[in-house]
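Structural overview for review
The chain contents come next:
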Amino acid sequence: VLKSSFPTLQSSTYVYDDAGILDSDTESQTNTILAELKVKTGAQIFVITIPSLNGSTIEEYANELFNTIGIGDKERNDGVLLLISSGDSRVRLEIGVGLEDVLTDSLSGRILDDYFVPYRADGNYDSAVILTASAVANTIAADHDVTLSNTYNTNISADTEFPSLMNTFPFREDSIIGFCEGSVF
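Below you will find a few notes about this structure. Just so we're clear, the structure is a prediction, and the values are computed from it rather than from any experiment. (Residues numbered from 1 in each chain as written. Predicted model: local features only at pLDDT ≥ 70, side-chain atom pairs only at ≥ 80, totals over all residues. Heavy atoms only, no water.)

Let's talk about unusual backbone geometry
Our working definition: Think of it in three bands: residues with accessible area under 20% of the maximum for their type are buried, residues over 50% are exposed, and the middle band is partly exposed, with areas taken using a 1.4 Å probe on protein chains only. Every helix listed is a DSSP run of H or I at least four residues long, and every strand listed is a run of E at least two residues long, numbered separately from the N terminus.
Its identity as a non-glycine residue notwithstanding, Asn77 has a phi of 50 degrees, on the positive side. For Asn77, a relative accessible area of 6% gives the class buried. The phi dihedral of Asp145 is positive, around 55 degrees, even though this residue is not glycine. In this fold, Asp145 is placed in the loop between helix H4 (125-143) and strand E5 (175-180).

Brief notes about the nonpolar core
Convention followed: For this analysis, a nonpolar core means a set of buried residues of the types Ala, Val, Leu, Ile, Met, Phe, Trp, Tyr and Cys, connected via side-chain atoms within 4.5 Å. Contacts: residue pairs with any heavy atoms within 4.5 Å of one another.
Ile48, Val80, Leu81, Leu83, Leu103 and Ile140 are the most contacted members of the largest nonpolar core, which totals 50 residues. Where this core is concerned, the elements lending two or more residues are strand E1 (15-17), helix H1 (24-41), strand E2 (44-50), helix H2 (58-69), strand E3 (79-85), strand E4 (90-96), helix H3 (105-121) and H4. If near-sequence neighbours (up to four positions away) are discounted, Val80 is found in contact with Gln44, Ile45, Phe46, Phe66, Ile71, Leu93, Glu94, Ile95, Leu99, Leu103, Val136 and Ile140.

A look at the packing of H1 against H4
What counts here: Between N-to-C directions, angles span 0 to 180 degrees; the directions come from axes that are lines fitted to C-alpha atoms, helices contributing only their stretch in contact. Oblique is the label for every angle not falling under 35 degrees (roughly parallel), over 145 degrees (roughly antiparallel), or within 65 to 115 degrees (roughly perpendicular). For this scheme, ten residues count as nonpolar: Ala, Val, Leu, Ile, Met, Phe, Trp, Tyr, Cys and Pro. Four count as charged, namely Asp, Glu, Lys and Arg, and the remainder, Gly too, count as polar.
One way to put it is that H1 packs onto H4 with a least axis distance of 10 Å and a crossing angle of 10 degrees. One way to sum up the angle between H1 and H4 is to call them roughly parallel. Taken together, the residues of H4 that come into contact with H1 (itself represented by Thr26, Gln29, Thr30, Ile33, Leu34, Leu37 and Thr41) are Asp126, Val129, Ile130, Ala133, Ser134, Ala137, Ile140 and Ala141. For the contact of H1 with H4, the residue count by class is nine nonpolar, five polar and one charged.

So, H1
We count it as follows: Each helix should span, by expectation, one fewer than its residue count multiplied by 1.5 Å. Whenever two N or O atoms come within 3.5 Å, that pair is a polar contact, provided that in protein one can donate a hydrogen and the other can accept it, and provided that, for residues adjacent in sequence, both atoms are side-chain atoms.
Given a rise of 1.5 Å per residue, 18 residues ought to cover 26 Å, and the 26 Å separating the end C-alpha atoms of H1 matches this to within 8%. Residues Thr26, Thr30, Asn31, Ile33, Leu34, Glu36, Leu37 and Thr41 constitute the buried set of H1. Close packing links the buried residues of H1 with E1, E2 and H4. Measuring from the side-chain oxygen of the N-cap residue of H1 to the backbone nitrogen of Asp25 gives 3.1 Å; that N-cap residue is Asp23. Immediately downstream of H1, the backbone of Gly42 shows phi near 85 degrees, a positive value.

Quick look at the pattern of salt bridges
Rules: Each reported salt bridge corresponds to a side-chain nitrogen of Lys or Arg within 4 Å of a carboxyl oxygen of Asp or Glu.
Considering all chains together, one arrives at five salt bridges under this definition. The partner of Arg76 in a salt bridge is Asp73, and the shortest N-O contact between them spans 3.9 Å. Of the residues examined, Arg76 reaches a relative accessible area of 42% and is grouped as partly exposed. Put simply, Arg110 and Asp114 hold a salt bridge, and the shortest N to O gap is 2.6 Å. You can see Arg110 and its partner Asp114 sitting in helix H3, four residues apart, about one turn around the helix. By relative accessible area, which is 23% here, Arg110 ends up partly exposed. Its relative accessible area of 30% is what places Asp114 among the partly exposed residues.

Details of the packing of aromatic side chains
Inclusion rule: In this scheme Phe, Tyr and Trp rings, the latter by its six-membered ring, pair at centre separations within 6.5 Å, and the angle between planes marks the pair as stacked below 30 degrees, edge-to-face above 60, and tilted otherwise.
Scanning all chains against the criterion turns up four aromatic pairs. Residues Tyr14 and Phe46 carry aromatic rings whose centres are separated by 5.3 Å and whose planes lie at 50 degrees to one another, so their mutual orientation is tilted. A residue pair is termed long-range when its members are at least 10 positions apart, and Tyr14 in the segment before E1 and Phe46 in strand E2 qualify at 32 residues. The exposure class assigned to Tyr14 is buried, which follows from its relative accessible area of 7%. Taking relative accessible area as the criterion, Phe46 reaches 3% and is therefore assigned buried. Counting every residue linked through ring pairs, the aromatic cluster contains Tyr14, Tyr16 and Phe46.

So yeah, pure geometry; function would need other evidence.
Dropping the structure here:
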């Protein structure tokens, strides 16, 4: 993983579209949602698009990126990374340990399956990103008993059960969920 390819974080910017797949309205709307989440809950979600994994696995790249740029509060470990590699057609939610009980693997997989994968399949990364970010943000906000005013209604909560996933492989091949173990540096 080339750390030099990681974005340099800027204050109040949560979307970094290095792959050039998002329009400016999507970036702006998603930044507004994620900034409101940060203010109301302290949790951070970053959306980072890259053109290629350059030979790395998405798991390696996401974990290294998550820890290198320091997503979330170091003590609470409450960060989330939505990493999209457009050239490799890969997506991953990297979840900080402090949010594992809120964004379980089954819930995170369902969010990607419902809100990201279908839109990406149609080449609509704008809808895929804003709906996925809304679903993750709404889930975290509900856990903190707050309401976000700028998100899309995604109708998913941490209490939702998904029986359709119980007896099958829980994720589509391209909806990989990861948990970041350890501290954020």
